[in-house]
Amino acid sequence: MLASLQSVLLADTSAQALAHASAWAVFLVGAAMILTGAAGVILLRNPVHCALMLVVTLFGVALEFIDQSADFLAAVQIIVYAGAVVILFLFVIMFLGVDRKEAIAAEPTKLQKPLALLMGLVVLVEILALSRVDHWVGGTPALSGALNGPGDNVQKVGQAVYTGYLLPFEMTAALLVIAVVATVVLSKRAGGAGNDEAGAVVAEESSEVTS
Amino acid sequence: MSVPSAWYLVLAAILFGMGATGLLVRRNVLVMFMCIELMLNAVNLTFVTFARLLNDIGGQVDVLFVLVVAAAEVVVGLAIIVALFRRRAAATADDIHILKG
Amino acid sequence: MNAAYLIVALPFAGALVLLFAGRRILDPVSGWFATAMAAGSFVCTVIVWSTLLGRPSTSRSVDKTIFTWMPVGSLHVSFGLQLDPLSILWSLFVTGVGSLITLYSIGYMRGDPSFSRFFFYLNAFIFSMLILVLADNFLFSFLGWEGVGFCSYGLVGFWFERNSAAVAAKKAFVTNRVGDFGFMIALFLMFQHFGSFNYSVVLAPLASGHATLANSTATFISIMLVLGAVAKSAQIPLYMWLPDAMEGPTPVSALIHAATMVTAGVYLVARAAPILHFSPDAQWIVASIGAGTCFLAATIACVQDDIKRVLAYSTVSQIGYMFLAEGSGDYQAGIYHTVMHAFFKALLFLSAGSIIHALHDEQNMKRMGNLRKYLPITFPAFMVGFLALAAIPPFDGFWSKDEVLAAAWHKSPVLWAFGIATAFLTAYYMSRQVRLVFWGKSRWNSAAAAHGAAGDTGIPLSPAAAHGSAAHGSAAHGGGEPHEAPRTMTIPLVILTVASAFGWLLNANFAGLDFINKWLAPIFPATVATPFTVSTGTKWILGVIATLVAFGGLFAGMGLWRRAVDRPELEPAFLAHAWYIDEGISATVSGPLARMATRFSFVVDAGWVDGLVNGVGRSAAGAGRQLRRLQTGYVRNYALAIGVGTAAVLLYVSMRAGS
C-alpha cells in the first residue's frame, strides 16, 4: 500500500505512469466509498440512512467497475441499483412508516451477535488467507469472448449476451415476468374483499402468526 | 498498468464479510435486504475482476444476470415485506418464528 | 435358414398375445391360436432341418446371433441360436409333440374358466424349451431352463385353488432350485475357466480335439451340470417332485413331465458331452444315477393306484435309462430312447387323460375297469403305448431300450442288471395298469358311492375328482356311461399311436436305417464319445434276454391281476410310500429344522431383531427431542448456521490450498 502510494506521489510524467496513478486513485476512492457505505448500512439505526449509505456503496462499486473497464456495467449499476432498487427500498420504508430507529442491542438469542461478528471475521481472514495462495487462478481464458481487444465494452457484452448467453438471457426475461406477477399477487389487498384465493392464503398465514 | 487484481478481490472479500455480518446482526428486514445487496455487489466485483484477470467477457455478462436476478429478488422480497407489514406493524425478522421446534 | 428365427418367434408371439389379450379371446379360439403357433414353429423347424440335411454333415452347425445381450468386459453373451443336429432334433420333437398336445388340450380343457391362461403357459413353455435347446451359449440356455421351470410351476399349479396343486407346484419349483444352483455353479466355473459361455468357445475346441481339460475341472463342472440335469429330469436324489407334479392338467403331464421338459437334463448332459469326456468319474456318476433311478422308480410304480402316478414313476424310470445310456458313453442310444419315450409316453398320458375325461376326473385305477368296451380309440392307443413302454417287439421301446442295455452291458454288467430288472418291472406294472383299467368288472359306477374305499391303501388319492366338473363342463353328460373324447383329442392320439408303433424306424439298427445315429454323428465324434462296438452275437443274446424278460413281466402282471383288485401282498407298504423317502425328508425338516426355525422366530427375531429395530426407533425419537431445540424459528439463527458452515468449508479449502 505504501509502495503504491509512493508510486502515485512520485509519478513521472509519462502518460503510462499517469494512467497508472489515476487507476490507483479511482480504486482508492471507490474502496473508501464502498467501505464507508457498507459500514453505514450495518451500523446506522435509521433504515432511511441505511438506504442512503447503500447508495454510497453502490456508487463505489460502480467506480471499481469503471476502473476495470466494465463501462456498461457501471452504467447499469447506477441506473438499476441506485436508480431503481434503492428508490424502491426508500419507497417501501416511507410507505410502511418504519423509518424509526431500530434497537440493535435487543436480541432474543444471546450468542447471535458475537457469533455473527466472529463468523464475519473468520470468513474474512480465510478469504484473505486464500488470496495469498497464488496457484488457484485457473480455467480457460476467453471462453466466451475476449475482454480486451478492439471494440466497445457495450458492443462486446451485447454480442456475448445475444449469442452465447441467449438462453440464460431469455430465462431472465421469464424470471422478470414471474417476479412481476408474483409481486402483483402478493401485494393484492387481502382481507377486504375476502374472496380472492391469494388473500385467503395470506389471511390464514397471518392468523397463525398472531396466534 | 493498473491496480493488481488481488486488491479488488480483497476489497470484495471485505465487503462480502461486512454484508454477511450485517445480515446476521440486524433485525430489520429491510436492512437485512440491503445487506444481501451488499453481498451481491461484492460477488459482482469479483466477477468483473476475474473477467479482467482472465480476459473473458463472460464475467461481465454474469454480472448482468446477477443484476437482473437481484432486481427481481428485491421486488418480490419487498412485496412480501409489504404484505407482512400490513398485518403486523413494526415487525422484525425475529417476530416470525412459529417454525420453532 | 431365417426360418430359425420363426421357430422361437412364433410361440413367443403366441404367448404374448395370449398374455395380454387372453381374456378377450374366447374359449376355443385361444386354443386354436396356440396350436397354430406351435404347429407353425414345427413347420419352421422342419424347414430348417431339411436345409441342414442338404448340407454336408461336417457343416451342419449354424450360428444365428440375434443381438448381444451382455457385453461386459471381455464377456459377450448373445441372444443367439445354434442350429446343429442335436438342437434341431430336440426342437423337432418338442414342437411336434408340443403342437399335438396343444391340439389335444383344446378338447381337454374345454370349459375351464382359465382356458386362455392354460394356452399362454403352453406357448410360453414351448418358447422357453426352444430357447433351452437352440441357444448358442450356456447362459442363454439357462434362461430357457428357468423359463421352462416357471411354466412348469404355473402349469402344475394351474388349478391353484386346490391346495395340493399349489403345494406340488411349490415342491417342483423348490426342488428345481437345487438343480439351478448346480447349473449356476457350473456356469461360474465355466466362466472362470473358459472366460465364455458360448458352445463354440467352450465345447468346440474340446470336441474337435484341439484342447484338453484337466480331470478335476472337468469333473467339477460335470458334476454341477449333472446336478442341474438331475433336478430337471427328476433323477435320484431330486426325483420326488415329478410324481406330485401330476396335480397339473393331464396334457401338461404329457408335454412337460413326460415328453419334453424332463428330458432337458438329458439334453444338457448330451450337450456337455465334450466336458464329460474328460471325466470318467462324472460318467460313472451319470450312469449310476440312471441305473439307480430307473430301478427305484420302477419298484414304486408297481404299487401306485393313481393312473397318472404310475406313468409319472415310469417317466422317472425311463429317464433313468437315458442317463444310463449317456453315462455309458452311448449318447445316441440315450437320445434315441428320449425321442421314442416322447412318443409313447405322450401317447400314454394323453390316453390316460382321455380315460380320466371319460370317467369325469376319476384317476384311481381301482375304480376303473372294463373300459375297453367303451373307448374304441383310446383303448388301442393305450395298448400300443403300453407295448412300446414294456419293450415288446416290434414297438418303439424295444429297439431303443435294446441299445441302452447294450451300452450298459459294455460299461458294466452291474448296470445292465439294474436295467434288465427294470425292464421286467416296467412290463409288470404296465400290464397291471392295463388289467386294472381296461379289463375286469366295471367299477366306476360303484365308485361314487364308496368314495372312501381306497383310503385303506394309504395312498393319497388324486384330488382331481374333487375338482369336479367345473374344469370340463362335463355336468352336461351327467353320470352316464364313459364316452370317447372329442375329435381334437383323438386325432393326436392316432398320430402318436402311429409314431409309437413305427417311430423306431427312425433309428433301426439294421439295413442302414439308423438315421438318428447318422444325423447326430457330427455332434459325437470319437473325440467326444469313444466309440465302442458290442458284437452282434452279444447284441442278439442281450436282445433275446430282454425280450424274454419283458414278456415275463407282461405275463406276470396280466396273470397276477387277472381277477382281484385289492392284493395287499403284492403292494407292500414301503413301496406304496415310495421307500419312505418323502416321509424321511419331512421328518428331518419338521424335526430339528422346525425347532431351529421356532428358536429363530421367537428368540432371534422377537428378541434381537425387534429389539434392535425398536431401539433404533427409540434412539431416533430421543435424538429428535434433543435436536429440536436447535430449531429456534429465528431466520437469522439459520443464516448464522449457514455462515458458520461457510466458514468451515472455507477453512477446509484454505487448509487444502495451503498444503
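Look above for the structure.
This section reports on the structure supplied with the text.

1. With respect to the overall build of chain B
Right, on to step 1. When helices and strands are tallied, chain B shows three helices and zero strands.
Right, on to step 2. The secondary structure elements of chain B, listed N-terminal to C-terminal, are α-α-α.
Right, on to step 3. The burial tally for chain B puts 62% of its 101 residues in the buried class.
Right, on to step 4. At a minimum sequence separation of 6, the contacts of chain B that also span at least 24 residues come to 62%.

2. Let's talk about the layout of surface pockets
Residue and element names in this part refer to chain C.
Right, on to step 1. When its volume is computed, the second largest pocket comes out at roughly 600 Å³.
Right, on to step 2. Lining the second largest pocket are 24 residues, with W49, L89, L92, F343 and L506 sitting closest to its centre.
Right, on to step 3. Put simply, the parts of the chain that give the lining of the second largest pocket at least two residues each are α2 (27-53), α3 (85-108), α16 (331-358), α22 (487-502) and α23 (515-520).
Right, on to step 4. Looking at which element gives the most residues to the lining of the second largest pocket, the answer is α3, with six residues.
Right, on to step 5. The residue makeup of the lining of the second largest pocket, split by class, is 20 nonpolar, two polar and two charged.

3. Describing the interface of chain B and chain A
Right, on to step 1. The partner chain A presents 96 residues to the 68 residues of chain B that form the contact.
Right, on to step 2. For the pairing of chain B and chain A, the buried interface totals around 7400 Å² over both sides, and the portion due to carbon and sulfur atoms is 76%.
Right, on to step 3. Of all residues in chain B, R26(B), M34(B) and I57(B) give up the largest surface area on contact with chain A, accounting jointly for 9% of the area buried on that side.
Right, on to step 4. On inspection of chain B and its partner chain A, the count reaches zero salt bridges.
Right, on to step 5. Our enumeration of links across chain B and chain A arrives at 10 residue pairs in polar contact (both at pLDDT 80 or more).
Right, on to step 6. Going through the elements one at a time, α1 (5-25), α2 (29-54) and α3 (58-87) of chain B are the ones with two or more residues in the side of chain B that touches chain A.
Right, on to step 7. Broken down by element, the side of chain B that touches chain A gets its largest block of residues, 25 residues, from α3(B).
Right, on to step 8. Residues belonging to the side of chain B that touches chain A are distributed by class as follows: 48 nonpolar, 10 polar and 10 charged.

4. Considerations on a nonpolar patch on the surface
Residues and elements named next belong to chain C.
Right, on to step 1. Nonpolar side chains collect at one region of the surface, where F602, V603, W608, V609, L612, V613 and V616 lie side by side and expose about 760 Å² of accessible area between them.
Right, on to step 2. With respect to the element layout, L612 can be found in helix α26 (residues 581-627).
Right, on to step 3. Of the residues examined, L612 reaches a relative accessible area of 62% and is grouped as exposed.

5. Considering the nonpolar core
Right, on to step 1. W90(C), F138(C), I355(C) and F524(C) are the most contacted members of the largest nonpolar core, which totals 197 residues.
Right, on to step 2. Here this core takes 17 residues from α16(C), the largest share from any one element.
Right, on to step 3. Setting aside residues up to four positions removed in sequence, F138(C) forms contacts with F183(C), L187(C), M190(C), F197(C), Y199(C), V202(C), L203(C) and L268(C).
Right, on to step 4. By size, the runner-up hydrophobic cluster in this structure holds 68 residues, among which are V86(A), V29(B), C35(B) and V63(B).

6. Observations concerning the packing of α16(C) against helix α17 (residues 378-389) of chain C
Residues and elements named next belong to chain C.
Right, on to step 1. α17 packs onto α16 with a crossing angle of 145° between their chain directions and a minimal axis gap of 9 Å. Of the two possible hands of crossing, α16 and α17 adopt the one that is left-handed. Contacts between α16 and α17 involve F344, K345, L347, L348, S351, A352, S354 and I355 on the former and, on the latter, T378, A381, F382, V384, G385, F386, A388 and L389.
Right, on to step 2. Across the contact of α16 with α17, the residue classes break down as 11 nonpolar, four polar and one charged.

7. Comments concerning unusual backbone geometry
Right, on to step 1. Of the consecutive residues I236(C) and P237(C), the connecting peptide bond is found in the cis state with omega at 5°.
Right, on to step 2. With respect to the helices and strands, the residue P237(C) is situated in the loop between α9 (215-232) and α10 (241-244).
Right, on to step 3. With an omega dihedral of 5°, the bond running from P393(C) to P394(C) counts as a cis peptide bond.
Right, on to step 4. Mapping P394(C) onto the fold places it in the loop between α17 and α18 (396-411).
Right, on to step 5. Here the phi dihedral of S69(A) falls at roughly 55°; this positive angle occurs in a residue that is not glycine.
Right, on to step 6. Its identity is not glycine, yet A391(C) carries a phi of approximately 65°, on the positive side.

8. Notes on empty space enclosed by the protein
All names here are of chain C.
Right, on to step 1. In this structure the tally under the stated criterion is one cavity of 30 Å³ or more.
Right, on to step 2. Lining the largest cavity are A391, F398, K401, D402, L405, A546, T547 and A550.
Right, on to step 3. Of all elements in the fold, only α18 and α24 (536-560) reach the threshold of two or more residues within the lining of the largest cavity.
Right, on to step 4. Among the elements that line the lining of the largest cavity, the one with the most residues is α18, at four residues.
Right, on to step 5. A breakdown of the residues in the lining of the largest cavity according to their chemical character gives five nonpolar, one polar and two charged.

9. A short note on the interface of chain A and chain C
Right, on to step 1. Taken together, the contacts link 14 residues of chain A with 12 residues of chain C.
Right, on to step 2. Regarding the contact of chain A and chain C, the summed buried area is about 1100 Å², with carbon and sulfur atoms giving 68% of it.
Right, on to step 3. The largest per-residue losses of area from chain A upon contact with chain C belong to Q112(A), E126(A) and L130(A), which jointly make up 44% of the total buried on that side.
Right, on to step 4. A breakdown of the residues in the side of chain A that touches chain C according to their chemical character gives nine nonpolar, three polar and two charged.

Cut-offs applied
- Residues numbered from 1 in each chain as written.
- Chains lettered and ligands numbered in written order.
- Predicted model: local features only at pLDDT ≥ 70, side-chain atom pairs only at ≥ 80, totals over all residues.
- Heavy atoms only, no water.
- Helix = DSSP H or I, 4+ residues; strand = E, 2+ residues; numbered from the N terminus.
- Buried < 20%, exposed > 50% of the residue type's maximum accessible area, 1.4 Å probe, protein only.
- Contact = heavy atoms within 4.5 Å.
- 1 Å grid on protein atoms, 1.4 Å probe; cavity = no way out; pocket = protein on both sides within 12 Å on 5 of 7 lines; lining within 4 Å.
- Points joined across faces, edges and corners; volume = space filled by probe spheres on them.
- Nonpolar A, V, L, I, M, F, W, Y, C, P; charged D, E, K, R; others polar.
- Buried area = accessible area lost by both parts, 1.4 Å probe.
- Salt bridge = Lys/Arg side-chain N within 4 Å of Asp/Glu carboxyl O.
- Polar contact = N/O pair within 3.5 Å; in protein donor to acceptor, adjacent residues only side chain to side chain.
- Patch = residues over 30% accessible without salt bridge, like charges linked within 9 Å, V, L, I, M, F, W, Y side chains within 5 Å.
- Areas by Shrake-Rupley, 256 points an atom, 1.4 Å probe, with all protein chains shown as cover.
- Core = buried A, V, L, I, M, F, W, Y, C linked by side-chain atoms within 4.5 Å.
- Axes fitted to C-alpha atoms, helices over the stretch in contact; angles between N-to-C directions.
- Left-handed = near helix turned anticlockwise from the far one by under 90°.

All quantities given are derived from atomic positions and should not be read as evidence of function.
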